[in-house]
Amino acid sequence: MIENSVKNILEKVKSAHTLDRSEVVALLNFGGEELIRAADETRRQYVGDGIYIRALVEFSNYCTRTCFYCGLRAENNKIHRYRMNPDEIISTAKMVSEKGFRTIVLQSGEDCGFKIDELCRIVEEIKKNDIAVTLSIGEKSFDEYKMLKSAGADRFLLRIETTNKELYQKYHPKMSFKNRLRCLDDLRTLGYEVGTGSLIGLEGQTVGMIADDILFFKKINVDMIGIGVFIPHPDTPLGVTAAGDFELARRAVAVTRLLLPDINIPATTAMETLKPNGRGLVLEAGANVVMLNAAENEEYKKEYSIYPDKAGINDSLDLSLTKLKKTLVPIDRNILISKGFRADNKAV
Ligand code: SAH
(Lines give C-alpha, C1' and ligand atoms only; values in the text may rest on other atoms or scores of the structure.)
Protein backbone atom coordinates (compact mmCIF):
# COMPACT_ATOMS: atom_id res chain seq x y z
CA MET A 1 0.00 0.00 0.00
CA ILE A 2 2.64 2.49 1.12
CA GLU A 3 5.04 1.22 -1.55
CA ASN A 4 2.42 1.81 -4.20
CA SER A 5 1.65 5.31 -3.09
CA VAL A 6 5.37 6.23 -2.90
CA LYS A 7 5.73 4.93 -6.44
CA ASN A 8 2.77 7.01 -7.66
CA ILE A 9 4.03 10.12 -5.93
CA LEU A 10 7.46 9.68 -7.52
CA GLU A 11 5.92 9.29 -10.96
CA LYS A 12 4.03 12.54 -10.46
CA VAL A 13 6.94 14.57 -9.11
CA LYS A 14 9.39 13.35 -11.77
CA SER A 15 7.28 14.89 -14.50
CA ALA A 16 5.44 17.78 -12.85
CA HIS A 17 7.92 18.79 -10.09
CA THR A 18 5.05 19.66 -7.76
CA LEU A 19 3.62 17.89 -4.73
CA ASP A 20 1.09 18.64 -2.06
CA ARG A 21 1.97 18.58 1.62
CA SER A 22 0.72 15.04 2.33
CA GLU A 23 2.80 13.73 -0.57
CA VAL A 24 5.96 15.45 0.68
CA VAL A 25 5.30 13.99 4.14
CA ALA A 26 4.87 10.50 2.63
CA LEU A 27 8.19 10.75 0.78
CA LEU A 28 10.00 12.04 3.87
CA ASN A 29 8.57 9.18 5.95
CA PHE A 30 8.63 6.27 3.55
CA GLY A 31 10.81 7.18 0.55
CA GLY A 32 13.43 4.47 0.16
CA GLU A 33 16.00 3.76 -2.54
CA GLU A 34 13.48 4.67 -5.28
CA LEU A 35 13.26 8.19 -3.89
CA ILE A 36 17.04 8.52 -3.89
CA ARG A 37 17.24 7.13 -7.43
CA ALA A 38 14.53 9.46 -8.70
CA ALA A 39 16.35 12.49 -7.22
CA ASP A 40 19.64 11.31 -8.72
CA GLU A 41 18.04 10.96 -12.16
CA THR A 42 16.47 14.40 -11.94
CA ARG A 43 19.82 15.86 -10.88
CA ARG A 44 21.54 14.25 -13.87
CA GLN A 45 18.86 15.43 -16.27
CA TYR A 46 18.77 19.06 -15.09
CA VAL A 47 22.26 19.86 -13.79
CA GLY A 48 24.45 17.08 -15.18
CA ASP A 49 27.31 15.15 -13.56
CA GLY A 50 29.51 18.13 -12.71
CA ILE A 51 30.14 19.24 -9.16
CA TYR A 52 30.60 22.91 -8.41
CA ILE A 53 33.25 23.50 -5.79
CA ARG A 54 33.27 26.57 -3.57
CA ALA A 55 36.09 27.76 -1.31
CA LEU A 56 34.79 28.58 2.15
CA VAL A 57 36.47 31.26 4.26
CA GLU A 58 35.14 31.53 7.81
CA PHE A 59 36.51 34.97 8.48
CA SER A 60 35.17 35.71 11.97
CA ASN A 61 33.58 33.68 14.74
CA TYR A 62 32.37 36.71 16.70
CA CYS A 63 28.59 36.64 16.98
CA THR A 64 26.04 38.86 18.66
CA ARG A 65 23.26 36.24 18.37
CA THR A 66 22.35 33.47 20.79
CA CYS A 67 20.92 30.71 18.55
CA PHE A 68 20.34 27.70 20.82
CA TYR A 69 22.12 25.17 18.62
CA CYS A 70 25.21 27.07 17.53
CA GLY A 71 28.62 26.97 19.23
CA LEU A 72 29.40 30.52 18.05
CA ARG A 73 26.53 31.97 20.13
CA ALA A 74 27.50 35.11 22.04
CA GLU A 75 26.97 33.44 25.40
CA ASN A 76 29.53 30.71 24.74
CA ASN A 77 32.60 32.06 26.49
CA LYS A 78 34.55 28.83 26.09
CA ILE A 79 35.60 29.54 22.52
CA HIS A 80 38.45 31.80 21.58
CA ARG A 81 37.18 34.50 19.26
CA TYR A 82 39.10 35.50 16.12
CA ARG A 83 38.59 37.95 13.31
CA MET A 84 40.69 37.79 10.13
CA ASN A 85 41.92 41.16 9.02
CA PRO A 86 40.87 42.46 5.58
CA ASP A 87 44.27 41.80 4.00
CA GLU A 88 44.21 38.21 5.19
CA ILE A 89 40.74 37.70 3.69
CA ILE A 90 41.77 39.32 0.40
CA SER A 91 44.97 37.30 0.13
CA THR A 92 43.11 34.06 0.88
CA ALA A 93 40.72 34.92 -1.95
CA LYS A 94 43.66 35.47 -4.29
CA MET A 95 45.13 32.12 -3.26
CA VAL A 96 41.89 30.20 -3.88
CA SER A 97 41.43 31.92 -7.22
CA GLU A 98 44.95 30.87 -8.23
CA LYS A 99 44.10 27.29 -7.25
CA GLY A 100 41.22 27.37 -9.75
CA PHE A 101 38.22 28.06 -7.52
CA ARG A 102 35.70 30.35 -9.21
CA THR A 103 33.54 30.95 -6.12
CA ILE A 104 34.52 32.08 -2.67
CA VAL A 105 32.05 31.94 0.22
CA LEU A 106 32.74 34.44 2.99
CA GLN A 107 31.04 33.28 6.16
CA SER A 108 31.01 34.61 9.71
CA GLY A 109 28.96 34.96 12.84
CA GLU A 110 26.91 38.15 13.02
CA ASP A 111 29.97 40.22 13.80
CA CYS A 112 29.41 43.92 14.34
CA GLY A 113 33.19 44.39 14.32
CA PHE A 114 33.14 44.78 10.55
CA LYS A 115 31.74 48.07 9.33
CA ILE A 116 29.76 47.90 6.11
CA ASP A 117 32.29 50.06 4.20
CA GLU A 118 35.03 47.69 5.17
CA LEU A 119 33.07 44.65 4.00
CA CYS A 120 32.35 46.43 0.71
CA ARG A 121 36.03 47.19 0.22
CA ILE A 122 36.90 43.52 0.84
CA VAL A 123 34.32 42.40 -1.72
CA GLU A 124 35.60 44.97 -4.26
CA GLU A 125 39.18 43.81 -3.84
CA ILE A 126 38.24 40.14 -4.13
CA LYS A 127 36.23 40.82 -7.29
CA LYS A 128 39.48 41.89 -9.01
CA ASN A 129 40.13 38.15 -9.27
CA ASP A 130 37.91 36.25 -11.69
CA ILE A 131 35.72 34.84 -8.94
CA ALA A 132 32.10 34.90 -7.74
CA VAL A 133 31.59 36.13 -4.19
CA THR A 134 28.99 34.55 -1.93
CA LEU A 135 28.29 36.14 1.44
CA SER A 136 26.94 34.29 4.48
CA ILE A 137 27.06 36.91 7.20
CA GLY A 138 23.53 36.96 8.56
CA GLU A 139 20.85 39.60 8.82
CA LYS A 140 21.51 43.12 7.52
CA SER A 141 19.35 46.05 6.45
CA PHE A 142 18.15 46.53 2.86
CA ASP A 143 20.64 49.37 2.42
CA GLU A 144 23.55 47.28 3.66
CA TYR A 145 22.64 44.38 1.35
CA LYS A 146 22.38 46.95 -1.44
CA MET A 147 25.84 48.36 -0.76
CA LEU A 148 27.36 44.88 -0.71
CA LYS A 149 25.65 44.03 -3.99
CA SER A 150 26.95 47.23 -5.58
CA ALA A 151 30.43 46.32 -4.31
CA GLY A 152 30.16 43.17 -6.44
CA ALA A 153 28.74 40.41 -4.21
CA ASP A 154 26.99 37.83 -6.38
CA ARG A 155 25.24 35.51 -3.98
CA PHE A 156 24.00 35.33 -0.40
CA LEU A 157 23.30 32.38 1.88
CA LEU A 158 20.84 32.79 4.71
CA ARG A 159 19.13 29.71 6.00
CA ILE A 160 15.62 30.13 7.31
CA GLU A 161 16.62 27.20 9.61
CA THR A 162 12.95 26.29 10.18
CA THR A 163 9.77 27.76 8.71
CA ASN A 164 7.82 26.86 11.83
CA LYS A 165 7.40 30.22 13.51
CA GLU A 166 7.07 28.87 17.07
CA LEU A 167 10.13 26.64 16.73
CA TYR A 168 12.04 29.51 15.12
CA GLN A 169 11.23 31.86 18.01
CA LYS A 170 12.08 29.21 20.59
CA TYR A 171 15.59 28.65 19.29
CA HIS A 172 16.42 32.20 18.17
CA PRO A 173 15.83 34.45 21.17
CA LYS A 174 15.55 38.15 20.39
CA MET A 175 15.44 37.41 16.68
CA SER A 176 12.35 37.63 14.52
CA PHE A 177 11.07 35.19 11.94
CA LYS A 178 9.50 38.10 10.11
CA ASN A 179 12.86 39.83 9.79
CA ARG A 180 14.45 36.63 8.48
CA LEU A 181 11.81 36.54 5.74
CA ARG A 182 12.36 40.25 5.07
CA CYS A 183 16.07 39.58 4.56
CA LEU A 184 15.42 36.81 2.03
CA ASP A 185 12.95 39.04 0.24
CA ASP A 186 15.35 42.00 0.09
CA LEU A 187 18.18 39.81 -1.20
CA ARG A 188 16.00 38.59 -4.04
CA THR A 189 14.77 42.09 -4.85
CA LEU A 190 18.37 43.25 -5.06
CA GLY A 191 19.25 40.56 -7.60
CA TYR A 192 21.46 38.30 -5.54
CA GLU A 193 21.42 34.59 -6.24
CA VAL A 194 19.88 33.50 -2.97
CA GLY A 195 20.46 30.38 -0.93
CA THR A 196 18.49 29.28 2.08
CA GLY A 197 17.86 26.00 3.84
CA SER A 198 17.00 24.26 7.06
CA LEU A 199 18.49 22.48 9.96
CA ILE A 200 17.06 18.98 10.28
CA GLY A 201 16.72 17.37 13.70
CA LEU A 202 16.05 20.24 16.09
CA GLU A 203 14.20 18.99 19.14
CA GLY A 204 10.45 19.53 18.64
CA GLN A 205 10.68 19.57 14.83
CA THR A 206 8.25 17.23 13.06
CA VAL A 207 8.30 15.71 9.57
CA GLY A 208 5.34 17.97 8.74
CA MET A 209 7.45 21.01 9.59
CA ILE A 210 10.24 19.78 7.29
CA ALA A 211 7.65 19.30 4.53
CA ASP A 212 6.58 22.91 5.07
CA ASP A 213 10.23 24.02 4.78
CA ILE A 214 10.58 22.26 1.42
CA LEU A 215 7.28 23.68 0.12
CA PHE A 216 8.48 27.12 1.22
CA PHE A 217 11.70 26.67 -0.83
CA LYS A 218 9.55 25.77 -3.81
CA LYS A 219 7.20 28.71 -3.27
CA ILE A 220 9.93 31.33 -3.11
CA ASN A 221 11.90 29.53 -5.84
CA VAL A 222 15.34 30.12 -4.34
CA ASP A 223 18.52 29.33 -6.25
CA MET A 224 20.34 27.22 -3.65
CA ILE A 225 19.24 25.06 -0.74
CA GLY A 226 21.63 23.92 1.97
CA ILE A 227 20.14 21.22 4.14
CA GLY A 228 22.09 20.62 7.31
CA VAL A 229 21.62 18.12 10.05
CA PHE A 230 21.70 19.18 13.68
CA ILE A 231 24.79 18.11 15.65
CA PRO A 232 24.71 18.94 19.38
CA HIS A 233 27.38 21.32 20.63
CA PRO A 234 28.08 20.73 24.35
CA ASP A 235 28.40 24.43 25.18
CA THR A 236 24.92 25.36 23.98
CA PRO A 237 21.40 24.96 25.43
CA LEU A 238 20.74 22.11 22.96
CA GLY A 239 24.00 20.38 23.88
CA VAL A 240 22.34 17.37 25.49
CA THR A 241 19.65 16.77 22.86
CA ALA A 242 20.00 14.08 20.18
CA ALA A 243 21.63 14.65 16.79
CA GLY A 244 19.41 14.79 13.71
CA ASP A 245 18.58 11.76 11.60
CA PHE A 246 20.99 11.45 8.67
CA GLU A 247 18.57 9.45 6.53
CA LEU A 248 15.71 11.88 7.06
CA ALA A 249 17.98 14.80 6.09
CA ARG A 250 19.10 12.85 3.01
CA ARG A 251 15.47 12.26 2.01
CA ALA A 252 14.84 15.99 2.49
CA VAL A 253 17.65 16.70 0.00
CA ALA A 254 16.15 14.21 -2.46
CA VAL A 255 12.64 15.70 -2.24
CA THR A 256 14.09 19.21 -2.62
CA ARG A 257 15.85 18.17 -5.83
CA LEU A 258 12.65 16.67 -7.21
CA LEU A 259 10.66 19.84 -6.51
CA LEU A 260 13.34 22.32 -7.62
CA PRO A 261 15.12 20.37 -10.35
CA ASP A 262 17.59 22.99 -11.63
CA ILE A 263 18.84 24.60 -8.41
CA ASN A 264 22.19 24.19 -6.68
CA ILE A 265 22.22 21.89 -3.65
CA PRO A 266 25.35 21.45 -1.55
CA ALA A 267 26.30 18.23 0.19
CA THR A 268 26.87 19.91 3.54
CA THR A 269 29.77 19.31 5.92
CA ALA A 270 27.33 18.43 8.73
CA MET A 271 26.18 15.41 6.70
CA GLU A 272 29.79 14.26 6.26
CA THR A 273 30.39 14.80 9.98
CA LEU A 274 27.43 12.68 11.05
CA LYS A 275 28.19 9.70 8.83
CA PRO A 276 31.29 8.35 7.07
CA ASN A 277 31.00 9.11 3.35
CA GLY A 278 27.94 11.21 4.20
CA ARG A 279 28.90 13.67 1.51
CA GLY A 280 29.09 10.96 -1.17
CA LEU A 281 25.68 9.65 -0.10
CA VAL A 282 24.14 13.12 -0.38
CA LEU A 283 25.76 13.67 -3.80
CA GLU A 284 23.91 10.51 -4.87
CA ALA A 285 20.63 11.87 -3.52
CA GLY A 286 20.39 15.06 -5.59
CA ALA A 287 23.25 17.33 -4.44
CA ASN A 288 25.67 18.95 -6.92
CA VAL A 289 27.81 21.38 -4.88
CA VAL A 290 30.62 20.96 -2.36
CA MET A 291 32.17 23.66 -0.19
CA LEU A 292 35.75 23.16 0.91
CA ASN A 293 37.34 25.01 3.78
CA ALA A 294 40.12 27.30 2.54
CA ALA A 295 41.54 28.45 5.87
CA GLU A 296 45.32 28.42 6.01
CA ASN A 297 45.42 29.04 9.74
CA GLU A 298 44.56 25.81 11.58
CA GLU A 299 43.45 27.71 14.66
CA TYR A 300 40.69 29.56 12.79
CA LYS A 301 39.21 26.31 11.54
CA LYS A 302 39.15 24.83 15.05
CA GLU A 303 37.64 27.94 16.59
CA TYR A 304 34.86 28.19 14.03
CA SER A 305 33.13 25.47 15.94
CA ILE A 306 29.42 25.78 15.16
CA TYR A 307 29.29 22.07 16.11
CA PRO A 308 32.08 19.76 17.35
CA ASP A 309 34.34 17.37 15.39
CA LYS A 310 33.63 18.90 11.99
CA ALA A 311 34.61 16.54 9.14
CA GLY A 312 37.95 17.37 7.50
CA ILE A 313 38.88 19.89 10.16
CA ASN A 314 42.58 18.97 10.01
CA ASP A 315 42.79 18.80 6.21
CA SER A 316 44.45 21.46 4.09
CA LEU A 317 42.55 22.75 1.07
CA ASP A 318 44.74 20.62 -1.23
CA LEU A 319 44.09 17.48 0.81
CA SER A 320 40.32 18.16 0.90
CA LEU A 321 40.36 18.47 -2.87
CA THR A 322 42.24 15.18 -3.24
CA LYS A 323 39.79 13.43 -0.91
CA LEU A 324 36.81 14.88 -2.78
CA LYS A 325 38.18 13.64 -6.10
CA LYS A 326 38.43 10.13 -4.61
CA THR A 327 34.78 10.31 -3.49
CA LEU A 328 33.73 11.32 -7.00
CA VAL A 329 35.39 8.48 -8.94
CA PRO A 330 33.05 5.62 -7.91
CA ILE A 331 29.93 7.74 -8.48
CA ASP A 332 31.03 8.95 -11.94
CA ARG A 333 31.00 12.61 -11.14
CA ASN A 334 33.55 15.29 -11.95
CA ILE A 335 34.62 18.69 -10.68
CA LEU A 336 33.62 21.68 -12.80
CA ILE A 337 35.71 24.83 -12.91
CA SER A 338 32.87 27.33 -13.04
CA LYS A 339 31.30 30.13 -11.06
CA GLY A 340 28.37 27.76 -10.92
CA PHE A 341 25.35 30.03 -11.00
CA ARG A 342 21.91 28.49 -11.17
CA ALA A 343 21.59 29.81 -14.71
CA ASP A 344 24.74 27.87 -15.71
CA ASN A 345 22.91 24.63 -14.92
CA LYS A 346 20.57 25.05 -17.84
CA ALA A 347 23.53 25.06 -20.20
CA VAL A 348 24.83 21.68 -18.98
N1 SAH B 1 25.82 33.80 10.82
C2 SAH B 1 25.54 33.28 9.51
C3 SAH B 1 26.23 31.95 9.27
C4 SAH B 1 25.76 30.89 10.22
S5 SAH B 1 26.69 29.41 10.35
C6 SAH B 1 24.04 33.18 9.34
O7 SAH B 1 23.30 33.50 10.25
O8 SAH B 1 23.57 32.84 8.26
C9 SAH B 1 25.99 28.47 9.04
C10 SAH B 1 24.95 27.43 9.40
O11 SAH B 1 25.44 26.51 10.37
C12 SAH B 1 23.69 27.93 10.05
O13 SAH B 1 22.83 28.47 9.10
C14 SAH B 1 23.12 26.69 10.73
O15 SAH B 1 22.10 26.06 9.96
C16 SAH B 1 24.34 25.75 10.82
N17 SAH B 1 24.55 25.29 12.22
C18 SAH B 1 24.71 26.04 13.31
N19 SAH B 1 24.80 25.26 14.42
C20 SAH B 1 24.70 23.98 13.99
C21 SAH B 1 24.72 22.70 14.66
N22 SAH B 1 24.85 22.60 15.97
N23 SAH B 1 24.61 21.59 13.89
C24 SAH B 1 24.48 21.67 12.54
N25 SAH B 1 24.45 22.84 11.87
C26 SAH B 1 24.56 23.98 12.58
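Let us look at the structure shown here.

Parameters at a glance
- Residues numbered from 1 in each chain as written.
- Predicted model: local features only at pLDDT ≥ 70, side-chain atom pairs only at ≥ 80, totals over all residues.
- Heavy atoms only, no water.
- Helix = DSSP H or I, 4+ residues; strand = E, 2+ residues; numbered from the N terminus.
- Polar contact = N/O pair within 3.5 Å; in protein donor to acceptor, adjacent residues only side chain to side chain.
- Contact = heavy atoms within 4.5 Å.
- Buried < 20%, exposed > 50% of the residue type's maximum accessible area, 1.4 Å probe, protein only.
- Arc of directions from axis to C-beta.
- Axes fitted to C-alpha atoms, helices over the stretch in contact; angles between N-to-C directions.
- Parallel < 35°, antiparallel > 145°, perpendicular 65-115°, else oblique.
- Left-handed = near helix turned anticlockwise from the far one by under 90°.
- Nonpolar A, V, L, I, M, F, W, Y, C, P; charged D, E, K, R; others polar.
- Pairing = 2+ DSSP bridges.
- Right-handed = clockwise from strand over helix to strand, strands pointing away.
- Expected span 1.5 Å × (residues − 1).
- Core = buried A, V, L, I, M, F, W, Y, C linked by side-chain atoms within 4.5 Å.

Focus: the side chain of Thr92
- By the element assignment, Thr92 lies in helix α4 (residues 86-98).
- At a separation of 2.7 Å, a polar atom in the side chain of Thr92 contacts the main-chain carbonyl oxygen of Glu88.
- In contact with Thr92, other than residues within four places in its own chain, are Val57, Met84, Ala294 and Glu296.

Considerations on helix α5 (residues 116-126)
- Residues of α5 that are buried include every one of Ile116, Leu119, Cys120, Ile122, Val123 and Ile126, and no others. All buried residues of α5 project into a common sector of 160° when viewed along the axis, lining one side.
- Where α5 is buried, its residues touch β1 (50-60), α4, β2 (103-108), β3 (132-136) and α6 (142-150).

A closer look at the packing of helix α2 (residues 21-30) against helix α10 (residues 246-259)
- Two elements in contact, α2 and α10, have axes separated by 8 Å at closest approach and are oriented at 140°. By the criterion of interaxial angle, the relationship of α2 to α10 is oblique. In the crossing of α2 with α10, the sense of the turn from one axis to the other is right-handed. Here Val24, Leu27, Leu28 and Asn29 of α2 lie close against α10, whose contacting residues are Leu248, Arg251, Ala252, Val255 and Leu259.
- Within the contact of α2 with α10, the residues separate by chemical class into seven nonpolar, one polar and one charged.

Thoughts on the pairing of β2
- Of all six residues in β2, six are buried; the element is thus mostly enclosed.
- Where β1 lies against β2, five bridges are found, and the strand directions are parallel. By the bridge assignment for β2, Ala55 is matched with Ile104.
- With respect to chirality, the unit in which β1 leads through α4 into the neighbouring parallel β2 is right-handed.

Details of helix α14 (residues 317-328)
- Taking 1.5 Å of rise per residue, twelve residues should cover 16 Å, and α14 covers 17 Å from first to last C-alpha, within 8% of that figure.
- What α14 keeps buried is the set Leu317, Ser320, Leu321, Leu324, Thr327 and Leu328. On an axial view of α14, the arc spanned by its buried residues comes to 115°, and they lie on one face.
- Looking at the buried residues of α14, the elements they touch are β1, α4, α12 (278-283), β9 (289-293) and β10 (334-336).

Structural notes on the nonpolar core
- Membership of the largest hydrophobic core comes to 112 residues, with the highest contact counts inside it found for Leu106 and Ile126.
- At nine residues, α10 tops the list of elements feeding residues into this core.
- Sequence-distant contacts of Ile126, that is, excluding residues within four places in its chain, are made with Ile89, Ile90, Ala93, Ile104, Leu106, Ile131 and Val133.

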